[in-house]
Each structure stands twice: as structure tokens, then as C-alpha cells.
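# What the coordinates show
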Amino acid sequence: MTAPITLVGSGLAGYNLARELRKLLPDAPLRVVTADAGDFYSKPMLSNALTANKTAAQLAMKPVGKMVEELKAEVLTHTRVTAIDRTAKVLHTAAGELPYSKLVLALGADQLLPGLAGDAAAAVVSVNDLADYAHFRELLEGKQRIVLLGAGLIGCEFANDLAASGRQVDVVDLANWPLSRLLPEMAGQYLHEKLAGLGVRFHLGTSVQAVAGEAGGYRVSLANGKVLEAELVLSAIGLRPRLQLASAAGLAVNRGIVVNRLLQTSDPDIYALGDCAEVDGQVLPFVLPIMQAARALAPTLAGTPTPVVYPAMPVVVKTPVCPTVVAPPAMGSVGAWQVERSETGVKALFKGEQDQLLGFALLGAATSERQALAPQLPAVLA
């Protein structure tokens, strides 16, 4: 028998690629190997599920059995790949050796660990998958005072969600305004004001140094000398692509697993996509790049080499108190932000030297201009 095309990972990248493959190769042997339960869910929904009153079970849109049926694939759950034997084209797992014909790494990314001092540092939680969210919901039961590490995209979404659910939220970040990597300062300050209006308290320009246990919760010590009281500490300080498996197998890695425009690694029979992949120097942990990559990789695996193309892909930030859409300028873009603020929103345009539009940030009522502005943007990867 022919060894199956094998996908490692059952997140949005892995399962969407499997769906695209099935359209082109309805009968080819296909195997998905996953370290989790294999249910299909949307990871971006984890950071705004509280106010939607969604439990972890309700976020699982399709159970693994349904995925097996739809994809006509073998799905090995709770199976961690420990090594790749590239010569033999075999995966080593606790369930035994698994041969592959083509291998796709859709490994995702891990939450960065904050590296804190204090006797309760290990009690800091992060939410990176459905099982994490279920654990988080259990810990959150009956608790009102939350300290949140990180005011980036995921941190702001969780802050909005927690505050909207009636909890007291303190957010700590080294930057001077929320979403500092995506928004110019005036736009970030507008988001700050809107989240503060919901009750979120920001501690910016500082960091958490230690978490100590005390009766009924924790004492969170900041670098600026402040001490915050908390019943739960949540970290959302960023993501790190999962590189260990690829690196140990001798594949080229940098910030992500290095792939070419065909999403092919330094081994011609191994590919990577999603949060773990670095495509043309870019690591883009967002939904739209994942969908584009899956649509390109499926025909490549089916025998028609298809380079991935990234059009302009605005990112929707799930902060209902302040609707936000961002299309950040490409790395190394030369230009400047032009920012207009009104009572109802902020419109920030990043213009190049020839006055061409290279990026935008739209907040509040200005998000209505997204459809008109997006077509003016250059492709991220043409």
C-alpha cells in the first residue's frame, strides 16, 4: 500500500488543508496525527467566548468522528510525534512508527512563557487550545479579579471579553499603548480609552516580575513597584512557532520553519504551513494567511505546483467595545502614518513616499471604510 499523505496538526491549518486536499484527491490515503482530541474548532474564538457564553464543548464545531467521516481520513488523536526519520520517511510516535509519502507540518505555536519569579509563578495560565480554554473556564469560576499579561491582539481580546463578563481586569504590558505592534500611538490610545471605559485598567511601560500566592489568590508584583491583587493570572504575551520537531530532523528553521513559496521545507517531501511556518521571511499567525496557504498547498501536493500568494489581508481585532481592523504595512516599508481622530473613531493610513497606501488601521466608525481601502493595498506576497 502507498504510504499516506500525513498532516501533523489538527488546527485550522491542518484540517483546512485536509479539506482542500479531499477536493482534489478524493481517494488518496490521508492521515492526520494530532497531540490533542482532534475536534474541529476555531482557535481565534477562544479569546471572545465568555461574553458569547460558549463552553469549550460548545466551541468544538465538529467532533473528531465527524471529521474522520467527512475527510475519509485516519485521524490519530492524543498522538505526539517525537521524531521524523527523513531517510526512511517515517514518523516516530508513542503509537509506533508511521510511514508517510508526503509530510505536512501544521504544528502551530506555543504561548511564550513569562519567566516570572515568585512561589506562584507556575500558577499563571495561558490559553492556546481548546483543552487550555476548558481549564481556564474551570479556574475562572467564581473569580472576579484577573491580572492579564500582554496588551497585544490576544491580550486586548481577552481583556474585552473578561471585562464585558463583569470582571475586574488589570492589563500589564511593556509597551506604552495597547496593540503597539499593529497600531500607531494615537490609534492605540483610542483603543486604550475604549477598553478603559469598559473597566479595564492598564499598567503600561512596565512588566510583571513576580507572582506570589496568598489566601484567596495572588500578589502580582510589577517592575514599577506596584502590587496587584488577583484571583487568576492569565498570560497572553505572544506566540513562538513550534520548531523543535523540524529542527531535530535537520530542517532549516529561523523564526519559523523555513519554507519556499510552494510551502516546501529544505526537504522536498516535507511541507509546513500555518503559525509554525516562515514563508518568504514572514511568520503570519492569522486566519487569512492560513486559508491562502491551504488553498495553494493542496494542488501542490496533488501534483500541480502552486506558489502561495498573499493578497492584502486585514486583521479584524475582536474588541466589540472598539471595533478594530488593521492592515499593517509590510516589514521594512518606508513611509509614515497619517492619523485622523474623531468623536467616533480613528482612521490611520500608512502612506509611502509616493503617497501610495501601504497599510491602515481603522477603529470605531472608521471600520466602515475597510471595503473601500483594502483593494488599494499592495499584496503581502504577490
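Residues numbered from 1 in each chain as written. Predicted model: local features only at pLDDT ≥ 70, side-chain atom pairs only at ≥ 80, totals over all residues. Heavy atoms only, no water.

The helix and strand inventory of the protein stands at nine helices and 24 strands. The C-alpha atoms of the protein give 22 Å as radius of gyration, which agrees with the globular expectation for 382 residues (21 Å, within 12%). The principal-axis extent of the C-alpha atoms belonging to the protein is close to 65 × 60 × 35 Å. Per-residue burial for the protein yields a buried fraction of 49% across its 382 residues. As presented, the protein carries roughly 16800 Å² of accessible surface, and 53% of it is formed by carbon and sulfur atoms. One way to put it: in the protein the 32 positive side-chain charges average out to a point 3 Å from where the 34 negative ones average out. (Helix = DSSP H or I, 4+ residues; strand = E, 2+ residues; numbered from the N terminus. Rg over C-alpha atoms; globule rule 2.2 N^0.38 Å. Buried < 20%, exposed > 50% of the residue type's maximum accessible area, 1.4 Å probe, protein only. Areas by Shrake-Rupley, 256 points an atom, 1.4 Å probe, with all protein chains shown as cover. Lys, Arg positive; Asp, Glu negative; His and termini not counted. Charge placed at Lys NZ, Arg CZ, Asp CG, Glu CD.)

Turning to the sheet that holds strand β4 (residues 81-85), a few remarks are in order. Pairing in this open sheet of three strands is antiparallel, and the strands run β4-β5-β6 from one edge to the other. Lying at the two open borders of the sheet, with one neighbouring strand each, are β4 and β6 (96-99). Direction aside, neighbouring strands of the sheet carry axes that sit 25° apart on average. Where strand β5 (residues 90-93) and β6 come together, four bridges link them in antiparallel fashion. Residue pairing for β6: His92 is matched across the bridge by Glu97. (Pairing = 2+ DSSP bridges. Axes fitted to C-alpha atoms, helices over the stretch in contact; angles between N-to-C directions.)

Here His78, not a glycine, exhibits a phi torsion of approximately 50°, which is positive. Along the chain, His78 turns up in the loop between β3 (74-76) and β4. The phi torsion at Asp280 lies on the positive side, around 55°, for a residue other than glycine. Here Asp280 is to be found in the loop between β19 (277-279) and α8 (287-301).

Looking at where His92 falls in the secondary structure, it is placed in strand β5. Separated by twelve residues in the primary sequence, His92 and Arg80 have C-alpha atoms spaced 8.7 Å apart.

The subject of this paragraph is the nonpolar core. Residues Leu7, Leu17, Ile84, Leu105 and Leu273 are the most contacted members of the largest nonpolar core, which totals 54 residues. With seven residues, the single largest contributor to this core is α8. In this structure Leu273 touches Ala13, Leu17, Val104, Leu105, Ala106, Leu263, Ile290, Ala293, Ala294 and Leu297, once residues within four positions along its chain are discounted. Listed in part, the 43 residues of the second largest apolar core include Ala56, Leu153, Leu162 and Val346. (Core = buried A, V, L, I, M, F, W, Y, C linked by side-chain atoms within 4.5 Å. Contact = heavy atoms within 4.5 Å.)

Spanning 15 residues, α8 covers 21 Å between terminal C-alpha atoms, matching the ideal 21 Å at 1.5 Å per step. Summarising the contacts, the buried residues of α8 are in contact with β1 (5-8), α1 (12-24), β7 (103-105) and β18 (270-272). Gly303, located one to two residues past α8, shows a positive phi value of around 115°. (Expected span 1.5 Å × (residues − 1).)

Moving on to the pattern of salt bridges. Evaluation of the coordinates by the stated rule reveals 16 salt bridges. The closest approach of N and O atoms between Lys23 and Glu20, which form a salt bridge, is 3.2 Å. Residue Lys23 and its partner Glu20 are both found in helix α1; the two are separated by three residues, about one turn of the helix. For the salt bridge of Glu231 with Arg145, the shortest nitrogen-to-oxygen distance reads 3.9 Å. Here Glu231, found in the loop between β14 (227-230) and β15 (232-235), pairs with Arg145, found in strand β9 (residues 145-149); they are 86 residues apart in sequence, far enough to count as distant. What makes Glu231 buried here is its relative accessible area of 18%. One connected set of salt bridges, linked through shared partners, spans Lys89, Lys102 and Asp269. (Salt bridge = Lys/Arg side-chain N within 4 Å of Asp/Glu carboxyl O.)

Attention now goes to the packing of α1 against helix α3 (residues 64-71). Two numbers describe how α1 lies on α3: the axes approach to 10 Å, and their chain directions differ by 25°. Taken as axis vectors, α1 and α3 run roughly parallel relative to one another. Residues Tyr15, Ala18, Arg19 and Arg22 of α1 form the contact with α3, whose participating residues are Val64, Met67, Glu70 and Leu71. The residue makeup of the contact of α1 with α3, split by class, is five nonpolar, no polar and three charged. (Parallel < 35°, antiparallel > 145°, perpendicular 65-115°, else oblique. Nonpolar A, V, L, I, M, F, W, Y, C, P; charged D, E, K, R; others polar.)

In this structure the tally under the stated criterion is four aromatic pairs. Ring geometry for Tyr133 against Phe136: centres 6.2 Å apart, planes inclined by 50°, an arrangement best described as tilted. Linking Tyr133 with Phe136, this pair stays in helix α4 (residues 130-140), spanning three residues, or about one helical turn. With respect to burial, Tyr133 and Phe136 carry one shared label: buried. With a centroid separation of 5.7 Å and an interplanar angle of 75°, the aromatic rings of Phe136 and Phe158 are classed as edge-to-face. Of this pair, Phe136 sits in helix α4 while Phe158 sits in helix α5 (residues 153-164); the two residues are 22 residues apart in sequence, bridging distant segments of the chain. Assessed through its relative accessible area of 1%, Phe136 is described here as buried. Among the aromatic side chains, those forming a connected cluster through ring pairs are Tyr133, Phe136 and Phe158. The positively charged end of Arg19 is found above the aromatic ring belonging to Phe40, 4.4 Å away from the centroid. (Phe/Tyr/Trp six-rings, centres within 6.5 Å; stacked < 30°, edge-to-face > 60°. Lys NZ or Arg CZ within 6 Å of the ring centre and 35° of its normal.)

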